[in-house]
Amino acid sequence: MIPIKPASSAAVPPTPAATPRDAATAALQYLQPGALNLAALPPLSLYTHWPWCVRKCPYCDFNSHESKDPIPEQAYLDALRADLEQSLPLIWGRKIHTVFIGGGTPSLMSAAGLERLMSDLRTLLPLDLDAEITMEANPGTFEADKFKSFRASGINRLSIGIQSFDSRHLQALGRIHDANEAIKAVEIAQANFDNFNLDLMYALPGQLLSEAQADIDMALGFAPPHLSLYHLTMEPNTVFAKYPPAVPDDDATADIQDMIAARTAAAGYDHYEVSAYARPGHRARHNLNYWRFGDYLGIGAGAHSKLSFPHRVLRQARYKQPASFMEAAMKGNAVAEEHEIGRADMGFEFMLNGLRLTEGFDPNLFGERTGMPLNAIEKGLNEAESKGLIYRDFRVIRPTALGQRFLNDLQEIFLAEG
């Protein structure tokens with residue numbers, strides 16, 4: 001999962017960060033007095049982006065690029081290491097609790113390439129002994145021996161982009177695999193990993209309720225530790241946005257969502273986030289850190305970072321094009337832009353994430369992660385509560401069932417506060 005991209009701060013516009021600099025000097029700059037006061041720094045995760053895929057899907061708005069030519073794997077791994085080395089002064093002394101290798105299709109990486117990447121991460125970073133280390137993989141790139149090697153290299157959680165077990169729907173989504181390859185991929189994952197996630201999509205072009213149910217039932221039949229179930233959306237700058245397919249209407253989609261809620265609950269899955277369902281003890285720790293407004297260092301083409309310091313919270317974005325990223329990283333700075341999150345935007349950014357959790361969050365967490373008092377968003381809380389979109393007391397703030405269904409409207413209340 002790629003970190004959620006926030007709205008850029010209106011108070012502090014993004015500033016270019018393209019020239020080489022002394023990273024230690026830059027880190028000292030961020031330790032200077034500022035507008036916030038964080039009592040402690042949040043947990044830190046690492047996101048590593050692999051930008052290549054076999055074919056760009058028509059619904060995909062991630063930073064992924066078709067690998068028409070041989071992938072420059074070694075040069076990219078060199079650049080990832082350089083990017084990480086340049087970033088170390090910003091995270092000195094902080095332990096990495098989770099790692100996520102996303103894309104693109106990271107499973108296109110060779111077994112030797114993944115082994116090298118993991119070796120570099122262990123050499124340069126203080127990884128928690130119990131770190132969750134996830135890698136995204138797509139059916140059509142699965143080879144049993146290769147995935148045994150991935151597991152031996154230290155990957156302890158796999159996230160598989162199934163999307164559907166129906167070959168007709170997979171073709172409509174532009175996927176490179178068919179139903180048989182989807183099933184084979186899950187079987188290989190089961191044989192090598194005791195912790196894995198299946199990604200599925202619903203409200204697909206022409207999808208009937210019975211077909212969506214067949215997908216869910218097939219997935220549940222494998223008893224995966226974790227499920228991610230996404231509503232197909234027409235994201236800007238995608239093929240589907242330009243040429244929208246006919247998809248189920250709102251009523252039909254609501255019926256599918258009700259079916260998903262009933263089937264997953266009956267199978268013992270906890271619906272703990274908008275699109276996430278887990279068996280006991282198998283929530284996605286990396287993604288939970290995003291939703292709880294934790295910190296993450298993002299390395300690789302187009303990767304985003306959120307890094308906290310005692311008096312400020314910094315956002316960064318790397319160069320998106322793989323060639324530009326590699327060139328910049330090897331010259332000494334892969335960061336294309338960075339900015340501090342202004343106080344006016346901090347409440348919205350926290351709530352954008354925290355309200356995705358069905359169980360909500362402890363009100364004290366707001367102050368811990370933003371360095372601001374909870375009354376900074378009092379107006380929004382009052383409005384959301386009056387509309388029946390949230391429940392709150394001294395122990396929890398959480399979206400109601402109505403708030404979950406109209407989550408975008410709920411989040412926008414806090415955008416207006418800025």
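All of these numbers come straight from a predicted model, not from anything done at the bench.

**Student:** I'd love a proper account of the overall build of the protein chain, names of residues and values included.
**Tutor:** A count of helical and extended segments in the protein chain gives 16 helices and 17 strands. Counting only C-alpha atoms, the protein chain reaches 60 × 55 × 40 Å along its principal axes. Here the protein chain displays about 17,700 Å² of accessible surface, and carbon together with sulfur accounts for 53% of that area. Positive and negative side-chain charges in the protein chain, numbering 38 and 50 respectively, have mean positions lying 3 Å apart.

**Student:** If you had to explain helix α12 (residues 343–354) to someone new, which residues and values would you point to?
**Tutor:** The first and last C-alpha atoms of α12 sit 17 Å apart over twelve residues, in line with the 16 Å expected at 1.5 Å per residue. Within α12, ten of the twelve residues are buried, leaving the element largely enclosed by the surrounding structure. Among the residues of α12, Asp345, Met346, Gly347, Phe348, Glu349, Phe350, Met351, Leu352, Asn353 and Gly354 are the ones counted as buried. Each element contacted by the buried residues of α12 is listed here: α10 (285–291), β14 (312–318), α13 (363–370), α14 (378–386) and α16 (407–415).

**Student:** Could you give an account of the state of the cysteines, with specific residues and numbers?
**Tutor:** Counted under the stated rule, the structure contains zero disulfides. For cysteine 53, which is in no disulfide, the shortest distance to another cysteine sulfur is to cysteine 60 and amounts to 6.8 Å. Classification of cysteine 53 by relative accessible area gives buried; the value is 5%. Distance from the sulfur of cysteine 60, which forms no disulfide, to the nearest cysteine sulfur (cysteine 57) is 6.3 Å.

**Student:** Any chance you could break down the environment of leucine 209 for me, citing the residues and the numbers?
**Tutor:** Relative to the elements of secondary structure, leucine 209 occurs in helix α7 (residues 209–221). Sequence separation between leucine 209 and methionine 259 is 50 residues, and the spatial gap between their C-alpha atoms is 8.3 Å. Leave out the neighbours within four places in its chain, and leucine 209 touches Asp255, Ile256 and Met259.

**Student:** For the environment of glycine 104, give the residues involved together with the corresponding values.
**Tutor:** Take glycine 104: it is sitting in the loop between β5 (96–103) and α3 (111–124). Those residues within four positions of glycine 104 in sequence are excluded, and the remaining contacts are His49, Trp50, Pro51, Trp52, Cys53, Ser64, Glu136 and Asn138.

**Student:** Account for the side chain of histidine 49, with residues named and values stated.
**Tutor:** The topology assignment puts histidine 49 in strand β2 (residues 44–50). A distance of 2.7 Å separates polar atoms of two side chains, one belonging to histidine 49 and the other to tyrosine 47.

**Student:** I'd like to hear about the pattern of salt bridges, residue by residue, with values.
**Tutor:** In the structure shown here, the tally under the stated rule is 22 salt bridges. Across the pair arginine 116 and aspartate 120 runs a salt bridge, and its minimum N-O distance is 3.4 Å. One end of the pair, arginine 116, and the other, aspartate 120, are both in helix α3, four residues apart, so they sit about a helical turn from each other. When its relative accessible area of 21% is taken as the criterion, arginine 116 is described as partly exposed. With a closest N to O distance of 3.0 Å, lysine 331 and glutamate 327 form a salt bridge. With lysine 331 and glutamate 327 both in helix α11 (residues 322–331), this residue pair falls four residues apart, about one helical turn. What makes lysine 331 exposed here is its relative accessible area of 58%. The structure contains a network of salt bridges with shared partners spanning Asp78, Arg81, Glu85, Arg116 and Asp120.

**Student:** Explain unusual backbone geometry to me, and be specific about the residues and the numbers.
**Tutor:** A cis amide bond, omega 25°, links glycine 103 with the succeeding residue glycine 104. Even without being a glycine, glutamine 163 presents a positive backbone phi close to 70°. Among the secondary structure elements, glutamine 163 is positioned in strand β7 (residues 157–163). Residue classification places glutamine 163 among the buried residues on the basis of a relative accessible area of 8%. Notably, phenylalanine 293 is not glycine yet its phi reads approximately 60°, a positive angle. Inspection of the secondary structure puts phenylalanine 293 in the loop between α10 and β12 (295–299).

The rules behind these values
- Residues numbered from 1 in each chain as written.
- Predicted model: local features only at pLDDT ≥ 70, side-chain atom pairs only at ≥ 80, totals over all residues.
- Heavy atoms only, no water.
- Helix = DSSP H or I, 4+ residues; strand = E, 2+ residues; numbered from the N terminus.
- Areas by Shrake-Rupley, 256 points an atom, 1.4 Å probe, with all protein chains shown as cover.
- Lys, Arg positive; Asp, Glu negative; His and termini not counted.
- Charge placed at Lys NZ, Arg CZ, Asp CG, Glu CD.
- Expected span 1.5 Å × (residues − 1).
- Buried < 20%, exposed > 50% of the residue type's maximum accessible area, 1.4 Å probe, protein only.
- Contact = heavy atoms within 4.5 Å.
- Disulfide = S-S within 2.5 Å.
- Polar contact = N/O pair within 3.5 Å; in protein donor to acceptor, adjacent residues only side chain to side chain.
- Salt bridge = Lys/Arg side-chain N within 4 Å of Asp/Glu carboxyl O.

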